[in-house]
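Now for the letters of each chain:
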Amino acid sequence: KLPEPTSVHWHGVILPAGMDGVAGLTQKAIPVGKTFKYEFTMKKAGTFMYHPHFDEMVQIALGMVGMIVVHPKRRDARRVRDYSMMAHEWMIPIGSRRPDPMAMSDFNVLTFNSKAFPSTEPLVAELGDLVRIRLGNLGPMDHHPIHLHGYEFEVVETDGGRVPKERRWPETTTLVPVGAVRVIEFVADNPGDWAFHCHMTHHVMNQMGHDVPNLIGADTKGLDARVSRVVPGYMTMGSTGMGEMHKMDVPDNSISMLGGEGPFGLVDMGGMFTILKVRKQLTGDMDPGWYDHPAGTVAGEASAADLSRDGIKT
Ligand SMILES: [Cu+2]
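Along each chain, numbering runs from 1 in the same order as the chain's sequence is written. Restriction of local features to residues with pLDDT of at least 70 applies here, the model being predicted, together with a cutoff of 80 or more for giving and counting side-chain atom pairs; totals for whole chains, interfaces and linings are based on all residues. The basis for the side-chain values is all heavy atoms of the structure; hydrogens and waters are excluded.

**Q** Please explain the overall build of the protein chain as it appears in this structure.
**A** Numbering goes from the N terminus for both helices and strands, where a helix is a DSSP run of H or I of at least four residues and a strand is a run of E of at least two. Check the secondary structure of the protein chain and you find three helices and 16 strands. When each of the 314 residues of the protein chain is scored for burial, the buried share is 39%. Here the contacts in the protein chain between residues at least 6 apart in sequence split such that 70% fall between residues at least 24 apart. Reported accessibility uses the Shrake-Rupley method at a 1.4 Å probe radius. Residues are deemed covered only where the shown protein chains occlude them. Element-wise, carbon and sulfur atoms account for 56% of the exposed surface of the protein chain, whose accessible area totals about 18,500 Å². Counting rule applied: Lys, Arg positive; Asp, Glu negative; His and chain ends not counted. Taken as the charge centre is NZ of Lys, CZ of Arg, CG of Asp or CD of Glu, depending on the residue. Each charge class in the protein chain can be summarised by its mean position, and for the 31 positive and 37 negative side chains these summaries are 7 Å apart. The buried label applies to any residue whose accessible area, calculated with a 1.4 Å probe on protein chains only, is under 20% of its type's maximum; exposed applies above 50%, and partly exposed to all values in between. When checking whether two residues touch, look at their non-hydrogen atoms; a contact exists if any pair is within 4.5 Å.

**Q** Help me understand the coordination of the copper ion, please; the structure alone is not making it clear to me.
**A** Listed donors are limited to N, O and S atoms within 2.8 Å of the metal, widened to 3.2 Å for Na, K and Ca; water is not among them, so incomplete-looking sites are possible. Donor atoms from the polypeptide that coordinate the copper ion comprise His144 (ND1), Cys198 (SG) and His203 (ND1), at 2.0 to 2.1 Å from the metal. Donor residues for the copper ion sit on one chain with the sequence pattern H-x53-C-x4-H.

**Q** What should I look at first to understand the domain arrangement of the protein chain in this one?
**A** Accessible area lost during the coming together of the parts is what is often quoted as the interface size. Per the domain assignment, the segments making up the protein chain are domain 1 (1-75) and domain 2 (79-207 + 250-292). With 20 residues of domain 1 at the interface, the matching set in domain 2 holds 25 residues. Taken together, both faces of the contact between domain 1 and domain 2 bury some 1,500 Å²; the carbon and sulfur share is 71%. The term buried area denotes the loss of accessible surface (1.4 Å probe radius) that occurs when two parts are joined, taken as the sum for both partners. Among the residues domain 1 hides against domain 2, the three largest losses belong to Thr47, Met49 and Met67. Together they make up 33% of the total. Throughout this description, the term salt bridge denotes a Lys or Arg side-chain nitrogen within 4 Å of a carboxyl oxygen of Asp or Glu. Taken together, the links from domain 1 to domain 2 amount to zero salt bridges. Polar contact criterion, stated in full: a pair of N or O atoms within 3.5 Å, where within protein one must be able to donate a hydrogen and the other to accept it, and residues adjacent in sequence count only if both atoms are side-chain atoms. Inspection of the region where domain 1 meets domain 2 yields six residue pairs in polar contact (both at pLDDT 80 or more). A total of six residues in the side of domain 1 that touches domain 2 trace back to one element, the largest contributor, which is strand S2 (residues 46-51). Here the term charged refers only to Asp, Glu, Lys and Arg, the term nonpolar to Ala, Val, Leu, Ile, Met, Phe, Trp, Tyr, Cys and Pro, and the term polar to all other amino acids, Gly among them. Here the residues of the side of domain 1 that touches domain 2 are counted per class, giving 11 nonpolar, eight polar and one charged. Boundaries of every domain are those given by an automatic assignment or by a domain database.

**Q** When you look at the sheet that holds strand S13 (residues 192-198) in this model, what are you seeing that I'm missing?
**A** The strands that make up a sheet pair up through hydrogen bonds in the backbone, lying either parallel or antiparallel. Strand pairing requires that DSSP identify at least two bridges connecting the strands. As summarised here, the arrangement of the five strands in space is S6-S16-S13-S8-S11, forming an open sheet in which the pairing is mixed. Looking at the sheet topology across the chains shown, the edges are occupied by strand S6 (123-126) and strand S11 (173-176). Across the sheet, the mean angle from the axis of one strand to that of its neighbour is 20°, orientation sign disregarded. Here three bridges tie strand S8 (residues 144-148) to S13, and the two strands are oriented antiparallel to one another. Looking across to S13, one finds that Leu148 is bridged to Phe196. Helix axes are fitted to C-alpha atoms over the stretch in contact, other axes to C-alpha atoms as well, and angles between N-to-C directions run from 0 to 180 degrees.

**Q** I tried to follow the environment of Met104 on my own but got confused; where do I start?
**A** Its place among the elements puts Met104 in the loop between strand S4 (80-90) and strand S5 (109-112). The spacing of Met104 and Pro122 is 18 residues in sequence and 30 Å in space, taken between C-alpha atoms.

**Q** What exactly am I supposed to notice about the side chain of Asn137 here?
**A** Tracing the backbone through its elements, the reader meets Asn137 in strand S7 (residues 130-137). Here the side chain of Asn137 touches Asp142 through a polar contact of 2.9 Å, landing on its backbone oxygen. If near-sequence neighbours (up to four positions away) are discounted, Asn137 is found in contact with Met49, Ala87, Asp142, His143, His144, Val176, Pro177, Val178, Gly179 and Ala180.

Structure representation (structure tokens):
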């Protein structure tokens, strides 16, 4: 159905050179309307990816990528929550439906498995489960430092194979470069709702223009009324920060720049953000809802007694 030639490269898979899928180098490009056959043996278990190697710039920008998981014949001895997540970035002009493949740096929709928060699926686990998250990045241009709250984890595997135990180290953030797989593992031993997200601040935002003048700290009183005379409905943004921008109206087929509702108000992030939900007991793989915190374990306003005890004057 594609209106131009393509090919499929099997990223990380060791195979005969003629099956490697690089148009012009190892095969003819697959012409429009034709079907090509790839045949090779998956010789080892692991996490791999696939993408075109013809007009990569356009075809990858439009999302022609995926992950391949080869499981070992021997099953895991314990229960494993095994998740696969592909990071991607898109330039989708506000109100439009088609990503712009010309974008090189100004991506405005950042996704896990093609969903931006709050549409991303939560990851669930029961206490004692081994959690395995296979992170792949075949986005066009950006590497993503993926950060997990509440846990330390180890990178146990890349698309090149297993990392030997003695060469792993504890992490809370792992960089997933373009064209790479990082598989992380940890034991779910800390109950709660834990943020799991890219740590690039613009990658946890949804569609916004980035060429906005910096108004933080500026006195913008009266500006709206004056500009409204020439631009009806004008609204000055950002003089105290950007945390309130989720209230802005957005055109059809666009999403709010920020966030979704959480149990304590707005979660003011979007994009590459999801939630790891660890519970003592789950019913199936369903979203268990919000975490029920034990009494006295949630941050709240300090009392006058707390402040005076610590010598803080307000
Ligand atoms: Cu990122």
